[in-house]
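Commentary on secondary and tertiary structure
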Amino acid sequence: MRASVDDFPTPGNLPEALASPAAGVALWWAGLAASDDAFAHLSSWLAPQEHARAARYGREDLRRRYVIGRATLRSVLGGMLGVAPGHVPIVRGARGRPRLDGIPDLDFNISHTEGMALIGVTRTGRIGVDIEREDRTVNADGLARKFLTLAEQATLASLAEAARRGRFLRYWTCKEAMSKATGDGLSAPFRRIEVRLADTIEPVAGPAPYEPSSWRLHAVDVPAGFLGTLAVWSSASDAE
């Protein structure tokens, strides 16, 4: 089963299946805008702890995006499990990473930016996804010194400003997707995780649990204007 039009009072929110670059991983793309009536409907699917998290966002637009994103995730998972979105048993797992209570073989992750969301679901290992707008304004040089290895920084040096920013954002989506798979978030050792960007994306160095042999990184074919990366962690059970 999958999300249906009947789940969404605003048709534009219906998740769109994307081509997946990795076997066993399903991906969806969805918008995070909704009318007030649609928002109230989608909000009714969330559990109390999800509403509590939404309330911690400092801006109303961020709260709405979180709620709509979470409802969309619930619809996707509910379609796969054959249950209503409000009955999907999402709980807080290790390191605060969401998981499904009593369903250890189904893993999921969501990333959202600028009103759009990327959702990944798998029954093989553990995954992380991350998206960014290609035109996001960032201090690529300053952030590179903070989050990239020396070898990665060197690949930015000869690029023009726009290309340098785009390359940094690709590195960032790779490392962020990996850190979301582990649950480390921003506490991950980004300066010690090294990625090679070529025709394919290849992890080449990292401390446990970021050893390259345990990971596969894939660029996701997301709509124009965005960058997306999928990280597949094949040794996740070792860290449980």
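Residues numbered from 1 in each chain as written. Predicted model: local features only at pLDDT ≥ 70, side-chain atom pairs only at ≥ 80, totals over all residues. Heavy atoms only, no water.

**Things to note about the sheet that holds strand β2 (residues 25-31)**
Hydrogen bonds between backbone atoms are what pair the strands of a sheet, whose relative direction is either parallel or antiparallel. Spatial ordering of the open sheet is given by β1-β2-β6-β5, a layout of four strands whose pairing is antiparallel. Looking at strand neighbours, the two that pair on one side only are β1 (16-18) and β5 (107-113), the edges of this open sheet. Sheet twist, expressed as the mean angle between neighbouring strand axes with direction ignored, is 25°. As defined by bridge partners, β5 adjoins strand β6 (residues 116-122) across seven bridges and the pair is classed as antiparallel. Bridge pairing links Phe 108 to Val 121 in β6. (Pairing = 2+ DSSP bridges. Helix = DSSP H or I, 4+ residues; strand = E, 2+ residues; numbered from the N terminus. Axes fitted to C-alpha atoms, helices over the stretch in contact; angles between N-to-C directions.)

**Quick look at the sheet that holds strand β11 (residues 226-233)**
In space, the three strands of this open sheet follow the order β7-β11-β10, with antiparallel pairing throughout. In this open sheet, the two strands that pair with only one neighbour each are β7 (126-133) and β10 (215-220). Across the sheet, the mean angle from the axis of one strand to that of its neighbour is 15°, orientation sign disregarded. Strand direction decides the pairing type here: β10 and β11, joined by six bridges, are antiparallel. By the bridge assignment for β11, Arg 216 is matched with Val 232. Sheet strands touched by helix α6 (residues 161-182): β7, β10 and β11. Its angle to β7, the strand with the most contacts, is close to 150°. (Contact = heavy atoms within 4.5 Å.)

**Here's the deal with helix α4 (residues 140-147)**
Among the residues of α4, Ala 140, Ala 144 and Phe 147 are the ones counted as buried. Looking straight down α4, one finds that the buried residues subtend no more than 85° of arc, so they occupy a single side. In α4, the exposed residues that point more than 90 degrees away from the buried face are Arg 145 and Lys 146. (Buried < 20%, exposed > 50% of the residue type's maximum accessible area, 1.4 Å probe, protein only. Arc of directions from axis to C-beta.)

**Some remarks on the packing of aromatic side chains**
As enumerated under the stated definition, the model contains eight aromatic pairs in all. For the pair Tyr 57 and Tyr 66, a centre-to-centre distance of 5.6 Å together with 35° between the ring planes defines the contact as tilted. Taking relative accessible area as the criterion, Tyr 66 reaches 4% and is therefore assigned buried. Taking NZ or CZ as reference, Arg 64 lies 4.3 Å from the ring centre of Phe 39, over its face. Directly above the aromatic system of Phe 226 lies the positively charged group of Arg 133, at a separation of 5.1 Å from the ring centroid. (Phe/Tyr/Trp six-rings, centres within 6.5 Å; stacked < 30°, edge-to-face > 60°. Lys NZ or Arg CZ within 6 Å of the ring centre and 35° of its normal.)

**Description of the packing of α4 against α6**
Contact geometry of α4 with α6 gives a least axis separation of 10 Å together with a crossing angle of 35°. Classified by chirality, the crossing of α6 by α4 is left-handed. Judged by residue contacts, Ala 140, Asp 141, Leu 143, Ala 144 and Phe 147 of α4 engage Arg 164, Arg 165, Phe 168, Trp 172 and Lys 175 from α6. Class assignment for the residues of the contact of α4 with α6 results in six nonpolar, no polar and four charged. (Left-handed = near helix turned anticlockwise from the far one by under 90°. Nonpolar A, V, L, I, M, F, W, Y, C, P; charged D, E, K, R; others polar.)

**Considering the pairing of strand β9 (residues 201-205)**
When strand β8 (residues 194-197) meets β9, the two strands line up antiparallel, connected through four bridges. For Arg 196, the partnering residue across the bridge sits in β9 and is Glu 202.

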